[in-house]
Amino acid sequence: MKRCSIGVLAHVDAGKTTLSEAMLYRCGALRKLGRVDHRDAFLDTDAMERERGITIFSKQAVFDLPDHQVTLLDTPGHVDFSAEMERTLQVLDCAVLVISGTDGVQGHTRTLWRLLERYHIPTFLFVNKMDLAGADHDALLKDLKARLSGGVVDFTTQSGDFWEETAVCDEDVLERYLDTGAVSDTDIAAMVRARKLFPCWFGSALKLEGVDGLLEGLDRYAPEPNWPQNFAARVFKIARDSQGARLTYLKVTGGALRVKDLLSGSGWEEKADQLRVYSGAKFKTVEEAPAGTVVAVTGLSRTRPGEGLGFETAWTAPMLEPVLTYQVQLLDGTDPHTALLKLSQLEEEDPQLHIVWNEAAREIRIQLMGEVQLEILQRLIRERFNMEVAFGTGAILYRETIASTVEGIGHFEPLRHYAEVHLLLEPGERGSGVQITTACPTDQLDLNWQRLILTHLEEKEHLGVLTGSPITDIRITLVAGRAHVKHTEGGDFRQATYRAVRQGLMQADSVLLEPWYDFRLELPADQVGRAINDLQLMNGTVDPPETVGEETVLTGSAPVAGLRDYAREVTAYTRGRGRLLCTLRGYAPCARAEEVIAEMGYDPERDVDNTPDSVFCSHGAGVNVKWNEVAAHQHVDSGLRLGRREEEAEAAPQPRRSSAYAGTIEQDKELQAIFERTYGPVKQRAFQPPKAPKRPVAETGEAEKRAIRQQFRGEEYLLVDGYNIIFAWDELKALARDNLDAARKNLCDLLCNYQGYKKCHVIAVFDAYKVKGGLGSVEKYHNIHVVYTKEAETADAYIEKATYEIGREHRVKVATSDGPEQLIILGHGALRLSAANFHEEMERVQGQIAAALERNNQKQKTGAVRSALKRAMEKER
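Attention here is on the structure that accompanies the text. Every value quoted in this text rests on a predicted model; they were computed, and no experiment measured them.

## A closer look at the overall build of the protein chain
- A tally of helices and strands in the protein chain yields 26 helices and 40 strands.
- In the protein chain, once contacts between residues fewer than 6 apart in sequence are set aside, the share between residues at least 24 apart is 71%.
- With the model as given, the accessible surface of the protein chain reaches about 41,400 Å², and the carbon-plus-sulfur share is 48%.

Printed below as a string of structure tokens:
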């Protein structure tokens, strides 16, 4: 029997748990149908879930269909527990998205849809509560097609134009339909798997209407994963049972897992003591878990959510981040360090829950998604750890970014130490986080030192200079640096790197960011005026009001600071008739920036743990140099001209040089002289940093201030680590399980389309290092080149060599998710694309190609129609 993991997702109060209950009941897994409002739902196993009537923790249940053994995963619908839901997505074979027939597509529904799209999860839809007044079938179907996808098709009755609507979702299927007049189950399943078709059922889970049709559709059209023979598994959840035993929830994605098997991860190796298959609160132990099984494993103490075991890759970081922070008050006198140790267990189970020790205030702070999560957490701490805690007044988790491009310089040179780092800090796209790269030539700074600097940039959460909040949406590029052959140690570059970041931020135009919610506010019509006024006072934006039955619905976005307590206020002034639903939108510039900065009173120059100043050596001792004087003392010229004109730079006084630096210069000159006597003159070359974003430039010489010396203007090359991409993209990975050659050809076809649109040189590199006697080959496949490495040569080695050679004259990008390889290619001056980013770019290019073809076809059709009309008119004459 085939195994399939199906997740049930929905916005809060859409009837998700009720549908899960109905599915289990109709399949015979339950003898009695439970209800959320009766507090006896099978999957609401926690007392807090039954009291509140919401799902807080993801649960699983197992039931059988005629052709499938299904593991059903019920996920939280409340926005405060979205991180729990998102972690479950990584182990789903397909999903059922539940939509309320009375509410339609809401803000959180759109968030769920984007997540399903991002992780390429085949999706079925169930529109619930169709038995209630106000549920309009035709209007809902039209809304689903407009706001989610045109591929949504009603499978409830399968009458009228059903087969034609289904066939038009794919051109090949449409051709077969026009020839045969039918669409096979195989074609429907293939379209579902490719996310071209989204079967939809309408019904009422409470009355069991439409549930049988949904179950039949899942059995007929659910994707059929083909699991490889080698062991692989992915961890998606950490929990503890009633006895305190640590449970690692994972899905076996290849081979099989047996009791006492030895599992290993990054720096650890442990045995699986017990394998539990849960269904609700109960479980049964098994000796072996074949591929496709979701199990809870005991005996593992160092696993973490998202970790890949065996050949399985690690999962990408979640999209959703906490936006609120609270002080933890220990009411029963528990020692703070003891409490911190216990609370770290909760952080282990929920990585989005951040437990932070504030050394300056000597207090514990907790970061989370919302206030409902806070109430749950308070009770969980009491029940599990027997600790009484309270939480102080919550604060917003602000972020900081920059609006101008700057060069940050960090120098660390106490006696017998030496390191200097130059970083280019540029504004990034909103929501891009902190991106780190290098454009420093290896003949200036060895690759091992560059890797160390990149590690130091990644290892720490760097703080801004306005409020001391973490920075985001910034690109940081290593452009220059220097080490001393005798005095430099690893810790020296840590100090220089941290100081370079801070020194750059002190010069930049910093921007304070605050989190925003998308909201949906339902309230009586006579209260609309007050609500709009309140939202405008919050600096929010409000869309035109919509009338739904007797209520008015307001949608829009507003800062979290204004909306966090507004739900209580809505309940008060509408006397319980209003309802506010919020979904995290992201970060945007803070309208009250000056007020917030003044309230927080942060002084970056007094923050000794994050100093912007540098240390230089003078007369045999380390001397502290203020951040605004560092440029005058720098030992390395990075080539950037961001803060002063070329002529000002030439006229600037020469920096003071330390004795260690002088020794280094003399050493360099001596080595250069020996090299030139042997090999000839040395031609120095610099690396080109990434271009800064284009901005309007005033006519006052600002263009000269921001000019960056440019080097390479040659053609662009894209090198693709073939097998790395295949096993990182879900659709290619699934295809590779059946036929590796087909997956390879599929990738090459996609790259051909990419090359035709982007007009760059594309080289796909595939490992053949295990092929006995393999001499390697380079083949021309349509408009790209395909390289098969020779025996004992990996794709990584080939790409590193090619990057170095090509990068001398051309711009190079490399698509791979191999961590060490990324660091090496960055050191060669190339840009890197992770597999996830390359997948997004490929989808964007495919969409642009499709749009261009559609426009071209439309023009041809218009031209043909005009020609036909012209001929007809000429005949009439």
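Having seen it, we continue.
## A word on the pattern of salt bridges
- Summed over the entire model, instances satisfying the criterion amount to 40 salt bridges.
- The partner of Arg592 in a salt bridge is Glu595, and the shortest N-O contact between them spans 3.0 Å.
- Classification of Arg592 as partly exposed rests on a relative accessible area of 30%.
- Residue Glu716 is joined to Lys813 by a salt bridge in which the shortest nitrogen-to-oxygen separation is 3.5 Å. With Glu716 in strand E35 (residues 716-721) and Lys813 in strand E39 (residues 811-815), this pair connects stretches of sequence that are 97 residues apart.
- The exposure class of Lys813 is buried, given its relative accessible area of 16%.
- A single network of salt bridges, built from pairs that share partners, joins Asp13, Asp103, Arg520, Glu522 and Arg579.

## Observations concerning the sheet that holds strand E9 (residues 246-254)
- Taking strand neighbours across the sheet as the criterion, the 6 strands line up as E14-E13-E16-E9-E8-E17 in an open arrangement whose pairing is antiparallel. Strands with a single pairing partner mark the edges of an open sheet, and in this sheet they are strand E14 (282-286) and strand E17 (308-310). Neighbour-to-neighbour, the strand axes of the sheet open up by a mean angle of 40°, direction not taken into account.
- Where strand E13 (residues 274-279) lies against strand E16 (residues 294-298), 3 bridges are found, and the strand directions are antiparallel. In the strand pairing of E16, Gln274 is matched with Thr298.
- Across the sheet, helix H10 (residues 336-349) lies against strand E8 (232-240) and E9, angled at about 140° from E8, the strand it touches most.

Rules of the game
- Residues numbered from 1 in each chain as written.
- Predicted model: local features only at pLDDT ≥ 70, side-chain atom pairs only at ≥ 80, totals over all residues.
- Heavy atoms only, no water.
- Helix = DSSP H or I, 4+ residues; strand = E, 2+ residues; numbered from the N terminus.
- Contact = heavy atoms within 4.5 Å.
- Areas by Shrake-Rupley, 256 points an atom, 1.4 Å probe, with all protein chains shown as cover.
- Salt bridge = Lys/Arg side-chain N within 4 Å of Asp/Glu carboxyl O.
- Buried < 20%, exposed > 50% of the residue type's maximum accessible area, 1.4 Å probe, protein only.
- Pairing = 2+ DSSP bridges.
- Axes fitted to C-alpha atoms, helices over the stretch in contact; angles between N-to-C directions.

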